[in-house]
Amino acid sequence: MRTKFKAWTVPYLQEHQEVLLKPDNLDSLSFNLEIGSGKGQFLIDMARKFPKQYFIGVERNTTCAGITAKKLVEAEDIKNAKLVYDNADIVLLKLKDETVDNIFLNFSDPWPKKRHAKRRLSAPSYLENYYRILKKGGKLIIKTDNVDLFMFTKETLEGSKFILESITDDYTERDNFDAETEYEKSFREQGIAIHRVVVRK
């Protein structure tokens, strides 16, 4: 689902640098990483639920990034979450080895055409980068409503170095270390099954 462009988000992002981080400024932090934060509800809820942990969201879509930034600005009780408004490919390349606690991929773009398979966030090249930046014992946690993407993800994970912890075709009993995204709430209301896989380094 494509988010309609909202012009107010452009100046808002420029005016609220206090909730943004540059990829070069991540080295000194110990944090959980959400790639593709959308409108930011997962990021906000996880930060509020686990105040002793740090959460960084990465979002390249201007409108989604602006909406997330606004939520962060208005959530004055949250001091442990920031947003990186940039392309995930750039962010991943800048992150050093074994610096990330956990990685979340929530309802990523499925890139359904075969010629776009390399763009899927669970493609082998991405998995190699996740493995590199995760700390030992760190987890990669993936949720999707897209069956084809889920099957693709299971296949690529089988060929990776990751160790499988759990895999669920119909994720109904929520794990404690999780929060609901905007898409997830909508999918559940429509009776669409959520697929989830957790692997660790």
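As a reminder, the structure under discussion sits directly above these lines.
Caption draft 1: The overall build of the protein chain, seen in detail. Looking only at helices and strands, the protein chain has seven helices and seven strands in total. Over its C-alpha atoms the protein chain spans a radius of gyration of 16 Å, differing by no more than 12% from the 17 Å that the globule rule assigns to 201 residues. The principal-axis extent of the C-alpha atoms belonging to the protein chain is close to 45 × 40 × 35 Å. Taken across its 201 residues, the protein chain has 48% of its residues classed as buried. Taking as baseline every contact in the protein chain between residues at least 6 positions apart, the subset at least 24 positions apart corresponds to 81%. Just so you have it, the protein chain exposes about 10700 Å², and 50% of that area is on carbon and sulfur atoms. Between the averaged position of the 34 positive side-chain charges in the protein chain and that of its 31 negative side-chain charges there is a distance of 3 Å.

Caption draft 2: Summary view of the nonpolar core. Among the nonpolar cores identified, the biggest contains 33 residues, and Leu 33, Ile 35, Ile 103, Tyr 130 and Leu 140 are the most heavily contacted of them. Contributions of two or more residues to this core are made by strand 1 (31–35), strand 2 (55–59), helix 4 (88–94), strand 4 (100–106), helix 5 (124–133), strand 5 (134–144), helix 6 (147–158) and strand 7 (195–200). Filtering out sequence-adjacent residues up to four positions away, Ile 35 remains in contact with Val 58, Ala 88, Leu 92, Ile 103, Phe 104, Leu 105, Leu 121 and Tyr 130.

Caption draft 3: Up close: the environment of Leu 43. Along the chain, the position of Leu 43 falls in helix 2 (residues 41–49). Its relative accessible area of 1% is what places Leu 43 among the buried residues. Leave out the neighbours within four places in its chain, and Leu 43 touches Glu 34, Phe 55, Ile 56, Gly 57, Thr 68, Leu 72, Ala 81 and Lys 82.

Conventions adopted
- Residues numbered from 1 in each chain as written.
- Predicted model: local features only at pLDDT ≥ 70, side-chain atom pairs only at ≥ 80, totals over all residues.
- Heavy atoms only, no water.
- Helix = DSSP H or I, 4+ residues; strand = E, 2+ residues; numbered from the N terminus.
- Rg over C-alpha atoms; globule rule 2.2 N^0.38 Å.
- Buried < 20%, exposed > 50% of the residue type's maximum accessible area, 1.4 Å probe, protein only.
- Contact = heavy atoms within 4.5 Å.
- Areas by Shrake-Rupley, 256 points an atom, 1.4 Å probe, with all protein chains shown as cover.
- Lys, Arg positive; Asp, Glu negative; His and termini not counted.
- Charge placed at Lys NZ, Arg CZ, Asp CG, Glu CD.
- Core = buried A, V, L, I, M, F, W, Y, C linked by side-chain atoms within 4.5 Å.

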